[in-house]
Amino acid sequence: MDGVAPIGVVGTGYVGLVTAVCFAHLGHRVVCMDVDEAKIAGLRSGRLPIYEPGLDKLIDDTTERLSFTTSYDELLEGCHILFIAVDTPPSASGDADLSRVQRATREIARRGGERLMVMKSTVPVGTGERVTADFTGLGVSQIAYVSNPEFLREGAAIQDFLEPDRIVIGSFRPEDGDVVEALYRGIDAEVVRTSVATAEMIKYASNAFLATKISFINEIANVCEQVGADVREVARGMGLDHRIGPHFLQAGIGYGGSCFPKDVQALKQLAGNSGYHFQLLTAVLEVNALQKRRVVTKLKQRLGRLHGKKVALLGLTFKPNTDDLREAASIVLAARLQGEGARVSAHDPMIPAGEHPSFPGVAIVDDPLEALSDADAAVLVTEWPEYGRLDWGAAAAVMRRPLLIDGRNFLDPDVVAASGLEYDGIGLGDAEPPAWPA
Ligand code: UDX
């Protein structure tokens, strides 16, 4: 396939880089473009701006098909098909901030030429219409537009790209969708062909539904604590019903990351802007925010005032196998604990020891036992495998009070308790069930 014109990818974040490298793996030549000179310089010398398992190896394997540039002119010289994978962070209003998308699409439009623009970034429904109307306003008529949302999980992004549950392609004209579909040749997955607006909505609806599942099981967990049921068994029993499925029923301290929080908010906002009050999503967001506070409440129930107490956080990233701290529960938790007057120490396999701008005043160390030393309590925030292997007996020995709140229900309560720790998870109700009504 090396003779075929290369694919251009604008944006070398998680989505852009994984997309580029995976297309190169499928045999395409790919030009990656980013306005961030340092990122591109790093990539040229083999330094990755992100941690994603397997990405370094795949880049090494595909290096002769990949090139990197900071110049739109260079990108557009050879590329007819252009994937847009820039970020769409939440704006102050909760709407997705499309300024980077707009900058990229206009830079391309302004340079003319016949192009096929493929939107990978998560954008509000109607963006495809808006971008094409913008092109018309600029007098550009030769740019076709396709929506091709990504469904990549960090930590499993390469597998999700190469073995996806589905590929969604929304186009205004079928022939443009055909071109994009052909790029995925070699991947065995159902291709869902739709209009642009429908493809845009599939992405938001999928993420909002997954977030709803998490908030739902978190509320079930909270009730389990009141009535003496065990949410892990409840989730297992529910998940065996094929209409429900076993995935995304893991109760914990709430979802984080670069997608769920912003996408749920953006869909709620999008609905509101069009006159519809999306009640369910309001609750999903609220439950997720409250779930982090419950950990603080659990600590207070056991320790009384937190003022002057030391709390150790195990794990800071929003989930394991990533170095991503965006919207991580740890950030809110650390700040709330400090607000209560507690001293906070922390360990995370991916976050270097020392000061970190997201955790002012938090003592981040590179040994979990050092973080736990003299602590009045520990909270397991991220289910890193190393915490499963930790010597919990040694942990109990160094803590002032060996109390562990497992915010992910990750550890075996019996093993931890046998090591001498007081253990509590999320939704592992040991409360007495309510009495019969009189
Ligand atoms: C998510 C979507 O899965 C992906 O399809 C989308 O394109 C981008 O957003 P990602 O943000 O990488 O991917 O993380 P994911 O693995 O989905 O987890 C999101 C959050 O939900 C994490 O904080 C995780 O801890 C939490 N979670 C997940 C739960 O609390 N319980 C669960 O059962 C599953």
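Residues numbered from 1 in each chain as written. Predicted model: local features only at pLDDT ≥ 70, side-chain atom pairs only at ≥ 80, totals over all residues. Heavy atoms only, no water.

Novice: Just to check I follow, could you spell out the packing of aromatic side chains for this structure?
Specialist: What characterises a pair of aromatic rings is the spacing of the ring centres plus the angle enclosed by the ring planes. By the definition in use, this model includes eight aromatic pairs. Here the aromatic cluster, defined as three or more aromatic residues joined through ring pairs, consists of F23, F83, F161 and Y184. For R166, the ring lying beneath its charged end belongs to F151, and the centroid distance is 3.6 Å. (Phe/Tyr/Trp six-rings, centres within 6.5 Å; stacked < 30°, edge-to-face > 60°. Lys NZ or Arg CZ within 6 Å of the ring centre and 35° of its normal.)

Novice: Just to check I follow, could you spell out the site of the ligand for this structure?
Specialist: Neighbouring the ligand are 18 residues; E154, K203, Q250, C259 and K319 lie closest to it. Contact between the ligand and L249: an oxygen atom at 3.3 Å from a main-chain N or O atom of the residue. Q250 has a polar backbone atom sitting 2.9 Å from an oxygen atom of the ligand. When the ligand is considered free in solution it has 670 Å² of accessible area, and contact with the protein chains removes 92% of it. If you tally residues by element for the shell around the ligand, the top one is helix α9 (residues 196-227), at three residues. (Near = heavy atom within 4 Å. Polar contact = N/O pair within 3.5 Å; in protein donor to acceptor, adjacent residues only side chain to side chain. Areas by Shrake-Rupley, 256 points an atom, 1.4 Å probe, with all protein chains shown as cover. Helix = DSSP H or I, 4+ residues; strand = E, 2+ residues; numbered from the N terminus.)

Novice: In this structure, what is going on with empty space enclosed by the protein? I would like to understand it.
Specialist: Where empty space is left becomes clear once a probe the size of a water molecule has been rolled over the atoms. Within the structure shown, the criterion is met by two cavities of 30 Å³ or more. If you add up the space inside the largest cavity, you get close to 50 Å³. Lining the largest cavity we find M119, S121, T122, V123, S147, P149, E200, K203 and Y204. For the lining of the largest cavity, the leading source of residues is α9, giving three residues. Taken together, the residues of the lining of the largest cavity sort by class into four nonpolar, three polar and two charged. One number sums up the size of the second largest cavity: a volume of about 30 Å³. Lining the second largest cavity we find Y255, G256, L316, T317, F318, E327, A328, A329, S330, V381 and R408. (1 Å grid on protein atoms, 1.4 Å probe; cavity = no way out; pocket = protein on both sides within 12 Å on 5 of 7 lines; lining within 4 Å. Points joined across faces, edges and corners; volume = space filled by probe spheres on them. Nonpolar A, V, L, I, M, F, W, Y, C, P; charged D, E, K, R; others polar.)

Novice: Would you take a moment to explain the domain arrangement of the protein for this structure?
Specialist: Taken domain by domain, the protein holds domain 1 (7-194) and domain 2 (228-424). Distance between the C-alpha centres of domain 1 and domain 2: 33 Å. Counting residues at the interface gives 18 residues for domain 1, matched by 17 residues for domain 2. Taken over both partners, the interface formed by domain 1 and domain 2 buries close to 1300 Å², and the fraction arising from carbon and sulfur atoms is 51%. (Domains from an automatic or database assignment. Contact = heavy atoms within 4.5 Å. Buried area = accessible area lost by both parts, 1.4 Å probe.)

Novice: How should the sheet that holds strand β1 (residues 7-10) be read in this particular structure?
Specialist: Within a sheet, neighbouring strands are paired by backbone hydrogen bonds and run either parallel or antiparallel to one another. Taken together, the eight strands give an open sheet; going across it, the order is β3-β2-β1-β4-β5-β6-β7-β8, and neighbouring strands pair in mixed fashion. Two strands bound the open sheet, and with one partner strand each, they are β3 (66-69) and β8 (190-194). When the angles between neighbouring strand axes are averaged without regard to direction, this sheet yields 25°. Where β1 meets strand β4 (residues 81-84), four bridges bridge the pair, whose relative direction is parallel. When the sheet's bridge partners are listed, V9 is paired in β4 with F83. Its contacts with the sheet put helix α6 (residues 127-137) on β5 (115-119) and β6 (143-147), and the angle it makes with β6 is roughly 170°. (Pairing = 2+ DSSP bridges. Axes fitted to C-alpha atoms, helices over the stretch in contact; angles between N-to-C directions.)

Novice: Please clarify how α6 should be interpreted in this entry.
Specialist: In an α-helix, one turn spans 3.6 residues; hence positions three or four apart end up facing the same way. Taken together, the buried positions of α6 are T127, G128, V131, T132, D134 and F135. Taken end-on, α6 shows its buried residues confined to a sector of 150°, consistent with a single buried face. Away from the buried face of α6 by more than 90 degrees, exposed residues E129, R130, T136 and G137 are located. (Buried < 20%, exposed > 50% of the residue type's maximum accessible area, 1.4 Å probe, protein only. Arc of directions from axis to C-beta.)

Novice: Just to check I follow, could you spell out the packing of α9 against helix α12 (residues 279-303) for this structure?
Specialist: Two quantities define a packed helix pair, namely the angle between the axes and the distance from one axis to the other. It is the contact of α9 with α12, at a shortest axis distance of 9 Å, that shows an interaxial angle of 45°. Between α9 and α12, the angle is such that the two are oblique. Two packed elements cross with a definite hand, and for α9 against α12 that hand is left-handed. Together, A208, A211, T212, S215, N218, E219, N222 and E225 of α9 and L280, L281, V284, V287, N288, Q291, R294 and K298 of α12 make up the contact between the two elements. Grouping the constituent residues of the contact of α9 with α12 by class yields six nonpolar, six polar and four charged. (Parallel < 35°, antiparallel > 145°, perpendicular 65-115°, else oblique. Left-handed = near helix turned anticlockwise from the far one by under 90°.)

Novice: So what exactly am I meant to see when it comes to helix α2 (residues 37-44) here?
Specialist: Inspection of α2 places I40, G42 and L43 among the buried residues, and these make up the whole buried set. Viewed end-on, α2 has its buried residues packed into an arc of 160°, placing them on one side of the element. Seen from the buried face of α2, the exposed residues on the opposite side, beyond 90 degrees, are E37, A38 and R44. Contacts made by the buried residues of α2 are with α1 (14-25), β2 (30-33) and β3. The opening residue of α2, the one whose side-chain oxygen lies 3.0 Å from the backbone nitrogen of A38, is D36. One or two positions beyond α2, positive phi appears at G46, with a value near 85°.

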